[in-house]
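Here is how the chains run, residue by residue.
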Amino acid sequence: MSSLPSKRAKLEEGTLDEAETETLELIDACQNEIDALNEKASEEILKVEQKYNKLRKPCYDKRSELVKRIPRFWVTTLMNHPQVSGILDEGEEDCLQALSKLEVEEFEDIKSGYRIHFYFDENQYFENKVLTKEFHLGSGLTVHPPLALQYNGKRVLLSKPFNNKKKRNSEYKTFFDWFTDNSDPVNDEIAELIKDDLWPNPLQYYLVPDIEVEPEDDDEEDNEDNEEENFDDEDGDGEEDEEDGEDK
């Protein structure tokens, strides 16, 4: 049996019969209707999301006011987040002790981008009260206002102002490297984690319990003791058997 020619071959050779051509045109018309409905659905979803962003705003504002009563809430939340904590340097943790408020603000046109605001109480490190990072989707990132940092009594350009005292995989960037870098794709990953995971429910990370790990040395010592006891018992049994044999 000869194999049937492929549709691609038929299209290239122009061998489609009239019935197949009409059917393909009908399929194409259906696809156009589906695409139009998908586009309309996206517009409707955008309107709903914009509506509920406005409805959520008072709840977020109330939460921010309540969070101010909890010392070190935001720095603890950042440090407990499994991914974000990976880029926190020890010196940066000291700076972030003054972080009093974190806020994500989506643009009116949600598809165009969002801002992440970091608010600080008066402290020895920052002159800025608010640090903002904007994400313009499809057109890059911006950081404003210009970041002025006082570190060890000196005004420094914030690029890598801290010695990395933690032993971390070298692929990780520090928090302020991420903040000031407007080109590395990892920026999007960290920002998306803050916007879509940490910001909607920071309490789940603030309340992460400390994991207590039982020391392994004690278990090893217990195992060694048990092995010695078993060995002694075996030796003892052997001696008794020998003595019994001599008595006989």
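Residues numbered from 1 in each chain as written. Predicted model: local features only at pLDDT ≥ 70, side-chain atom pairs only at ≥ 80, totals over all residues. Heavy atoms only, no water.

### Brief notes about helix H3 (residues 73-80)
Along H3, six of the eight residues are buried, which leaves the element largely enclosed by surrounding structure. Listed as buried for H3 are Phe73, Trp74, Val75, Thr76, Thr77 and Leu78. (Buried < 20%, exposed > 50% of the residue type's maximum accessible area, 1.4 Å probe, protein only. Helix = DSSP H or I, 4+ residues; strand = E, 2+ residues; numbered from the N terminus.)

### Considering the environment of Phe176
Along the chain, the position of Phe176 falls in helix H5 (residues 175-180). Since its relative accessible area comes to 1%, Phe176 is described here as buried. When the C-alpha positions of Phe176 and Ile87 are compared, they lie 8.7 Å apart, and in sequence the two are 89 residues distant.

### Re the nonpolar core
Phe118 and Trp178 are the most contacted members of the largest nonpolar core, which has 33 residues in total. Those elements giving two or more residues to this core turn out to be helix H2 (18-67), H3, strand E1 (99-106), strand E2 (113-120), strand E3 (130-136), H5 and helix H6 (186-198). (Core = buried A, V, L, I, M, F, W, Y, C linked by side-chain atoms within 4.5 Å.)

### Looking at the pattern of salt bridges
One pass over the structure, following the stated rule, counts six salt bridges. Of the charged contacts in the structure, one is a salt bridge between Arg56 and Glu49, with a shortest N-O distance of 2.8 Å. With relative accessibility at 30%, the residue Arg56 sits in the partly exposed group. For the salt bridge of Arg115 with Glu105, the shortest nitrogen-to-oxygen distance reads 3.2 Å. Of the two residues, Arg115 sits in strand E2 while Glu105 sits in strand E1, which places them 10 residues apart along the sequence. One salt-bridge network, held together by shared partners, links Glu105, Arg115 and Glu134. (Salt bridge = Lys/Arg side-chain N within 4 Å of Asp/Glu carboxyl O.)

### Section: the pairing of E1
Of all eight residues that make up E1, six are buried, and the element is covered over most of its length. Here E1 runs beside E2; their pairing, made up of seven bridges, is antiparallel. Bridged to Lys101 within E2 is Tyr119. (Pairing = 2+ DSSP bridges.)

### Quick look at a nonpolar patch on the surface
Residues Val48, Tyr52 and Leu55 make up a contiguous nonpolar surface patch of about 280 Å² in total accessible area. With respect to the secondary-structure elements, Tyr52 resides in helix H2. Note on Tyr52: relative accessible area 39%, which makes it partly exposed. (Patch = residues over 30% accessible without salt bridge, like charges linked within 9 Å, V, L, I, M, F, W, Y side chains within 5 Å. Areas by Shrake-Rupley, 256 points an atom, 1.4 Å probe, with all protein chains shown as cover.)

### Here's the deal with the environment of Gln204
Looking at the secondary structure, you find Gln204 in helix H7 (residues 203-206). Taking relative accessible area as the criterion, Gln204 reaches 39% and is therefore assigned partly exposed. Considering only alpha carbons, one finds Gln204 and Thr77, 127 residues apart in sequence, at a separation of 8.4 Å. Looking at Gln204, its side chain comes within polar contact range of the main-chain oxygen of Asn201, at 3.3 Å. (Polar contact = N/O pair within 3.5 Å; in protein donor to acceptor, adjacent residues only side chain to side chain.)

### Looking at the environment of Glu122
You can see Glu122 is positioned in the loop between E2 and E3. Glu122 sits in the exposed class, given a relative accessible area of 73%. The spatial distance from the C-alpha of Glu122 to the C-alpha of Leu99 is 9.5 Å, given a sequence separation of 23 residues.

### Quick notes on H2
Turn by turn, an α-helix covers 3.6 residues, leaving residues three or four places apart pointing in a common direction. Given a rise of 1.5 Å per residue, 50 residues ought to cover 74 Å, and the 70 Å separating the end C-alpha atoms of H2 matches this to within 8%. Where H2 bends most, at Arg56, the angle is about 30°, and the proline Pro58 comes one to four residues later. Summarising the contacts, the buried residues of H2 are in contact with H3 and E1. The N-cap of H2, judged by a side-chain oxygen 3.3 Å from the amide nitrogen of Ala19 a few residues on, is Asp17. (Expected span 1.5 Å × (residues − 1). Bend = angle between axes of the 7 residues up to and from the residue. Contact = heavy atoms within 4.5 Å.)

### As for unusual backbone geometry
A positive phi is found at Arg72, a non-glycine position, where the angle reads about 60°. The topology assignment puts Arg72 in the loop between H2 and H3.

### Quick word on the packing of aromatic side chains
For the structure on display, the rule yields 11 aromatic pairs. Between the aromatic rings of Phe118 and Phe175, the centroid separation amounts to 5.7 Å while the plane-to-plane angle is 85°, which identifies the pairing as edge-to-face. Of the two residues, Phe118 is situated in strand E2 and Phe175 in helix H5; the sequence distance between them amounts to 57 residues. We note that Phe118, like Phe175, is buried. Ring geometry for Phe175 versus Phe176: centroids 5.4 Å apart, planes at 80°, classification edge-to-face. An aromatic cluster of three or more residues is present, and its members are Tyr60, Phe73, Trp74, Trp199 and Tyr206. The ring of Phe179 carries Lys133 above its face, with NZ or CZ at 5.7 Å from the centroid. The cationic tip of Lys195 hangs over the ring face of Tyr114; the distance from NZ or CZ to the ring centre is 5.0 Å. (Phe/Tyr/Trp six-rings, centres within 6.5 Å; stacked < 30°, edge-to-face > 60°. Lys NZ or Arg CZ within 6 Å of the ring centre and 35° of its normal.)

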